[in-house]
Amino acid sequence: MIPVRFLVLLLFSVSLVESQPSQSSQQVSSPLHPAGEQAPPSQDNLSFPWSRLRLPRYIVPLHYHLLLHPNLTTLHFTGTVRIQIDVLNNTNWVVLHSKGLQISKATVLDHDLAHLSDQVLPVLHNPSHEQIGVFSPRVLSSGQKYFLYIEFEAALTEGFHGFYISTYRTSEGEVRTLASTHFEPTSARMAFPCFDEPSFKAKFSVRIRRSPEYISLSNMPAVKKVEIKDGLLEDEFAASVKMSSYLVAFVICDFKSVSATTSSGVKVSVYAAPEKWLQTHYALEVAVKMLDFYEEYFNIHYPLPKQDLIAIPDFQSGAMENWGLTTYRETSLLFDPLTSSVSDKLWVTMVIGHELAHQWFGNLVTMKWWNDIWLNEGFARYMEYISVEATYPDLRVDEYLLHTCFAAVGHDSLNSSRPISSPAENPTQIEEMFDTVSYDKGACVLHMLRHFLTEEVFQRGIMRYLRKYSYGNAHNQDLWDSLINTCSEEDFISGKHCYSSSQASKNSYLFAGEHLDLTAMMNTWTLQKGIPLVTVRRSGPQLQLRQDRFLRTVLPSDPMWATVQQGFLWHVPLTYKTDASSTVHRHLMTSQMDSIYIGEDVSWVKLNCDMTGYYVVHYADGGWDVMTALLRENHTALSYKDRTHLIHNAFQLVTAGHLPLDKALDLIGYLHVEKHTVPLLQGLGYLEAFYHMIEKRDEPSLTHNLGKYILHFFRAIIDQQMWSDSGTVSERRLRSEVLSLACHLDYPPCLERANQLFNNWLQSNETFNLPTDVAETVFSVGAQDEQGWRALFHIYNISLSEAQKHKILFALTSSRDTHKLQRLLALGLEGKAIRSQDLSHLVLMVARNPRGHYLAWNFVKKNWDTLVQKFNLGSFCIRNIIIGTTNQFSSPEELSEVKLFFDSIREQASQLRATQLALDNVQKNVRWVQRNLETLRNWLKEHMK
């Protein structure tokens, strides 16, 4: 660590030593300061003592004593915080975070709570870094502990971060107010002054003052309630475990709850607005099951006495893992059997599984800095699948993991992607880290690693990781060391992190009889962006293999191809099987060129079995013809995951210029005999995506022919669908997707049945319950006439089911009347009839409609400043709006239009990775159309004869 500068402040020689963000050592020597107190200098004579975005390391918080009084009438709050700090270097300054808070008083106390100074201490503000500096006239001595005491106040915010206001409307029309928090990643500083970085872990003791008509909740159980002046009550909560500031939470509301207890004695409660209380019971069942499962799987008890889950009416993201008080969007927690579909049920189950996994991954062990947020989010996303498969096998969650990896491939095959572990310093960059790469790619890389190391080694390794770094922080290397079974003698003897003598070996995991450098292997997946393309060529008994970077935006024929390929190399854990045996073979590919002996008698070979590996496979030199023939002759020779994987890879290779479109279309020709939902929907999904892109172009003949082909090819599947909620989860999901597309393609029997059900539902005054899996399709058909649209809009405004409201909003945005679409967008911007939390979804729904395509894009351009004001610049809402409104543009003119707009907001666009992703996506579409439209036109003519 290097002393950067010295500030001469009147008589004091005050030093700050700036630490390097990547270093953890915090001991540096500083010049001694006069021990006696002198009058503090005026603020005009002080300069802010710190120049970096990240806080100095010379003071560490130990325990926050926080008192808050939110007033839900004035929408304002006051507070005090007393932070016990440990001083590691002599200094006169305490630098910490604060954003939007009015600081009225600051002072420093010694360890006996005696004032170090009789003066109110100067507080300097650095708004651009969201920091304050408190100056102490008496030196704070290295090795000593003090208390920093601050009084502050602020307005409750109107957005979705910090300490913010939320409202809900009762069935009688009364608007009620609550206050809630959302601090991740950098918004705890909006509620109280704090050291708002993940590595500054501390304990938190919270007290909240409230009116008697409300309740208050925080991370820990309430231990005392006292009445104070003016009829107010003060709730005191137990001291928390050591945790990061972004996990602190408190809610003041009038909600009702339902409770149960886990097998280990943890009290679980689910809270919601009183009239939605009946929709909390499924979430309670899930949460109890999940906590029991995770305690067993991780072999670590949940460390808190309670776990609350609460549905917040205004909530930007899906949910938040605050320790002991997880907060949710209502659609992510509430389940109404009368209006929630099986997809809604799966979503609620998976979100709860995700947030409760965080209680270990993220809360118990936290990444050291936001560049490794994937250690939180990738694990939690992957644990969704492991936990739901174990606790609710009937939901068939394994069928969805493929799509998580497909989403990651789609993002990662653009040149504008990023490494899993990427630099992030300012709040906008940090927020952008919460993306497809951290969540989906992170989960898929972990899935690959689990299958490579074996499930037992993987599970025991993460047990070790969680035990070793409990209540601390970790980075990538700590995970690799834990997974590889590296164990010191001391660790083994103490029994802390090892479980058996076989695990205590200092030798790394053995693969193929050789020492495996897991760090070197995993660095190729986390420290470089992109995804490998493994090209396979058959040469007699040998498979010739080559790996390149897979890109959908740069073709092999492009001049820049060599440049974007340079320096990329992965350690790829290949798996393959052949018709010669049922064995899954393994091979670690660590060079660009490789070969595998498979024998002369093999007629076909399938790589990446069940897509357990994160790589794309191209079967060169007629290899795809072999796969097409196999699927037509005996498709069940491959698992449904392998069949789905082949379909996905084929169409991705078309986009990347490695395979002609007609080859991929021929490959899915076997689907008329396919019985499994997942490959069926994968093939249908590509045809539907082409249709949606083309219907937004001036191509009426091609649009008609493609729609006609889809209906003809899938007619048997469409006609056999029941308009009910019967069947397995897979069957119900297929029904929902297929009937939605059939009605969108104006298939007469579909429209007739949907209209009949819609009219029955309207005439019954909602006493007739629609089948939940087809309700969205029924609403969408019903919304096409004036009376139906108005009726749905009325029900949207009074419904107490967020699941139903989501389906109705989708239907309202499917109208062909552009005036109605414009009205919806205006209402979304206003934020009353349609909540601001739903605005980004609303914009995407309108953009999906061919009549609303340009409406949505023009709306974003016109209201850009307002949108950025409503949602943080780096938020997923802004990212989804940017990418979602442009992702089906496919002409050079549209590409120029997008570039022009991004140029007009250059200062903001330069801070966003999403703008480059959007441009890459449009460029990919333009090239797809230029290369494939004629092929598609000719292929359809030939197959519609």
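Along every chain, residues carry numbers that run from 1 in the direction the sequence is written. In view of the model being predicted, local features appear only for residues whose pLDDT reaches at least 70, and side-chain atom pairs are presented and counted only at 80 or more, with totals across whole chains, interfaces and linings using the full set of residues. Derived side-chain values reflect all non-hydrogen atoms in the structure, with water molecules and hydrogen atoms excluded from consideration.

Peer 1: Sorry if this is basic, but what is going on with helix α13 (residues 623–634) here?
Peer 2: Because an α-helix packs 3.6 residues into every turn, residues spaced three or four apart end up facing the same way. Starting at the N terminus, helices and strands are each numbered in turn, a helix being any DSSP run of H or I of at least four residues and a strand any DSSP run of E of at least two. A helix is expected to reach a length of 1.5 Å times the quantity of its residues less one. Compared with the 16 Å implied by 1.5 Å per residue over 12 residues, the 16 Å span of α13 between its first and last C-alpha is a close match. The contact criterion used throughout is that any non-hydrogen atoms of two residues lie within 4.5 Å. Packing partners of the buried residues in α13 comprise β31 (605–607), β32 (616–619), α14 (640–655) and α15 (661–667).

Peer 1: Looking at this structure, I do not really get the state of the cysteines. What am I missing?
Peer 2: Structurally, a disulfide amounts to a covalent bond that connects the sulfur atoms of two cysteines. A pair of cysteine sulfur atoms is labelled a disulfide when the two atoms are within 2.5 Å. One pass over the full model with this rule turns up 2 disulfides. One disulfide in the model links C405 with C444; its S-S distance is 2.1 Å. Because the sign of the S-S torsion sets the handedness, a value of about -110° for the bond joining C405 and C444 places this disulfide among the left-handed ones. Of this pair, C405 sits in helix α5 (residues 398–412) while C444 sits in helix α7 (residues 436–453), and the two are 39 residues apart along the sequence. Type-normalised accessible area, obtained with a 1.4 Å probe on protein chains alone, sets the label of each residue: buried when under 20%, exposed when over 50%, and partly exposed for intermediate values. We classify C444 as buried; its relative accessible area is 2%. Between C743 and C750 runs a disulfide, and the two sulfur atoms are separated by 2.1 Å. Handedness here is read from the sign of the S-S torsion; for C743 and C750, about -100°, the answer is left-handed. Counting only cysteine sulfurs, C405 is the nearest neighbor of C609, a cysteine outside any disulfide, at a range of 15 Å. Its relative accessible area of 5% is what places C609 among the buried residues.

Peer 1: Just checking my understanding: could you explain the side chain of E321 for this structure?
Peer 2: If you trace the backbone, E321 turns up in the loop between β20 (319–320) and β21 (325–329). Just so you know, the count uses Lys and Arg for positive and Asp and Glu for negative, and it drops His and the chain ends. Here, a salt bridge means any Lys or Arg side-chain nitrogen found within 4 Å of an Asp or Glu carboxyl oxygen. Look at E321: it is buried, it has no salt bridge, and the nearest opposite charge is R381 at 11 Å. With near-sequence residues (within four places) excluded, E321 lies in contact with E184, Y246, L247, T326, E355, H358, Q359, N363 and E377.

Peer 1: Whenever I open this one, the packing of aromatic side chains confuses me. Can you help?
Peer 2: Each aromatic ring pair is specified by the distance between its two centres and by the angle formed by the two planes. Ring pairs are drawn from Phe, Tyr and Trp, using the six-membered ring of Trp, whenever the two centres fall within 6.5 Å, and their geometry is named by plane angle: stacked under 30 degrees, edge-to-face over 60, tilted for the rest. Counted by the stated rule, this structure contains 49 aromatic pairs. Ring centres of F192 and F204 lie 6.4 Å apart, and the angle between their planes is 75°; this geometry places the pair in the edge-to-face category. With a gap of 12 residues between them, F192 in the loop between β11 (175–182) and β12 (203–210) and F204 in strand β12 connect regions that are remote in the sequence. Under the relative-accessibility criterion, F192 is labelled buried at 0%. On the basis of relative accessibility, which here comes to 3%, the residue F204 falls in the buried class. Relative to F713, the ring of Y709 lies with its centre 5.7 Å away and its plane at 25°, an arrangement referred to as stacked.

Peer 1: Explain the sheet that holds strand β7 (residues 123–126) to me, please; I cannot follow it from the model alone.
Peer 2: Sheet strands pair by backbone hydrogen bonding; their relative direction is either parallel or antiparallel. The strand order across the open sheet formed by 3 strands is β5-β8-β7, and the pairing between neighbours is antiparallel. On the outer flanks of this sheet lie β5 (91–97) and β7, each paired with one strand and no other. Across the sheet, the axes of successive neighbouring strands diverge by a mean angle of 25°, strand direction being ignored. For two strands to pair, DSSP has to find at least two bridges joining them. As paired elements, β5 and strand β8 (residues 131–140) share 6 bridges and run antiparallel to each other. Looking across to β8, one finds that H97 is bridged to Q131. Note on definitions: angles span 0 to 180 degrees between N-to-C directions of axes, and those axes are lines fitted to C-alpha atoms, for helices only across the stretch in contact.

Peer 1: Which parts of the structure should I look at to understand the pattern of salt bridges?
Peer 2: Oppositely charged side chains can pair when the atoms bearing their charge come close. A complete count under the given rule lists 43 salt bridges for this structure. D558 is the partner of R927 in a salt bridge, and the nearest nitrogen-oxygen pair spans 2.6 Å. With R927 in helix α31 (residues 913–943) and D558 in the loop between β27 (542–549) and α12 (561–565), this pair connects stretches of sequence that are 369 residues apart. For R927, a relative accessible area of 22% gives the class partly exposed. When salt bridges with common partners are traced through the structure, they connect K99, E130, R189 and D196 into a single cluster.

Peer 1: Just checking my understanding: could you explain the environment of R169 for this structure?
Peer 2: Position of R169 relative to the elements: it lies in strand β10 (residues 162–169). In this structure the C-alpha to C-alpha distance between R169 and W374, which are 205 residues apart in sequence, comes to 37 Å.

Peer 1: What is the right way to look at the sheet that holds strand β26 (residues 532–539) in this model?
Peer 2: An order of β30-β27-β26-β32 is seen for the 4 strands of this open sheet, with the pairing classed as mixed. The sheet terminates laterally at β30 (593–597) and β32, the two strands that pair on one side only. Averaged over all pairs of adjacent strands, the angle between strand axes in this sheet comes to 25°, irrespective of strand direction. Sheet analysis places β27 next to β30, joined by 5 bridges and oriented antiparallel. Considered in β30, the bridge of Q542 is made with Y597. Sitting on the sheet, α14 touches β26 and β32, and the angle it makes with β32 is about 80°.

Peer 1: How should I be thinking about the confidence of the model for the chain in this particular structure?
Peer 2: Note that predicted coordinates carrying low pLDDT should not be read in detail. Values of pLDDT, ranging from 0 to 100, describe the predictor's confidence in every residue of the model. When pLDDT is averaged across the chain, the result is 92; 92% of the residues are at 70 or more. Taken together, the stretch residues 1–37 has pLDDT below 50 and engages in 90 contacts with residues farther than four places along the chain or on a different chain.

Peer 1: For this particular structure, what's the right way to read the environment of N523?
Peer 2: In this fold, N523 is placed in helix α11 (residues 518–526). Counting along the chain gives 61 residues from N523 to I462, while the straight-line C-alpha distance between them is 18 Å.

Peer 1: Mind showing me how you'd approach helix α16 (residues 677–694) here?
Peer 2: Along its 18 residues, α16 runs 25 Å from first to last C-alpha, staying within 8% of the 26 Å computed at 1.5 Å per residue. Of all 18 residues in α16, 16 are buried; the element is thus mostly enclosed.

Peer 1: Quick question: what am I supposed to make of the pairing of strand β17 (residues 256–261) here?
Peer 2: Two faces belong to every sheet, and in a regular strand the side chains alternate between them. Inspection of the sheet shows β17 paired to strand β18 (residues 267–272) by 6 bridges, in the antiparallel sense. Note that in β18 the partner of S257 across the bridge is Y271. With antiparallel pairing between neighbouring strands as the criterion, β17 and β18 make up a hairpin whose turn holds 5 residues, including G265 at a positive phi of roughly 95°.

Peer 1: Looking at this model, I keep getting lost on unusual backbone geometry. Mind explaining?
Peer 2: As a rule of thumb, non-glycine residues mostly have phi less than zero, and peptide bonds are mostly trans rather than cis. Here E184 and P185 are connected by a cis peptide whose omega angle stands at 0°. Examined against the element boundaries, P185 turns out to sit in the loop between β11 and β12. For D621, which is not glycine, the phi torsion reads 55° and is therefore positive.

Peer 1: Please explain empty space enclosed by the protein as it appears in this structure.
Peer 2: Which parts of space are left empty comes out when a probe the size of a water molecule is rolled across the atoms. Put simply, the grid is 1 Å and covers the protein atoms alone, a cavity is a trapped set of points that fit a 1.4 Å probe, a pocket is an open set with protein on both sides within 12 Å along at least five of seven lines, and lining residues have an atom within 4 Å of a point. Grid points are joined across faces, edges and corners, and a volume is the space filled by probe spheres set on the points. Counted by the stated rule, this structure contains 8 cavities of 30 Å³ or more. Empty space within the second largest cavity amounts to approximately 120 Å³. Considering the residues around the second largest cavity, the lining is formed by 16 residues, among which L53, H97, R189, E425 and P427 are closest to the centre. Throughout this entry, Asp, Glu, Lys and Arg are counted as charged residues, while Ala, Val, Leu, Ile, Met, Phe, Trp, Tyr, Cys and Pro are counted as nonpolar. The remaining residues, Gly among them, count as polar. Of the residues in the lining of the second largest cavity, the class split is 5 nonpolar, 5 polar and 6 charged.

Peer 1: Explanation requested: the side chain of K577 in the structure shown.
Peer 2: By the element assignment, K577 lies in strand β28 (residues 572–578). Relative accessible area serves as the criterion here: at 15%, K577 is assigned to the buried category. Side chain to side chain, K577 and D642 meet in a polar contact 2.9 Å long. Sequence-distant contacts of K577, defined by excluding residues within four places in its chain, comprise T583, W604, V605, K606, C609, S639 and D642. N or O atoms within 3.5 Å of each other form a polar contact, as long as, within protein, one can give a hydrogen and the other can take it, and as long as residues adjacent in sequence are counted only when both atoms are side-chain atoms.

Peer 1: Got a minute to help me understand the packing of helix α9 (residues 476–483) against α11 in this structure?
Peer 2: Two numbers describe a pair of packed helices, the interaxial angle and the distance between the axes. In contact at an axis separation of 10 Å, α9 and α11 are set at 135° when each is read in the N-to-C sense. In terms of orientation, α9 and α11 fall into the oblique class. When the axes of α9 and α11 are compared, the crossing they make is right-handed. Touching N476, Q477, W480 and L483 of α9 are L518, T519, M522, N523 and T526, all from α11. Of the residues that constitute the contact of α9 with α11, the class distribution is 4 nonpolar, 5 polar and no charged. Each angle receives one of four descriptions, namely roughly parallel if under 35 degrees, roughly antiparallel if over 145, roughly perpendicular if within 65 to 115, and oblique otherwise. Should the near helix be turned anticlockwise from the far one by less than a right angle, the crossing is left-handed, and should it be turned clockwise, the crossing is right-handed.

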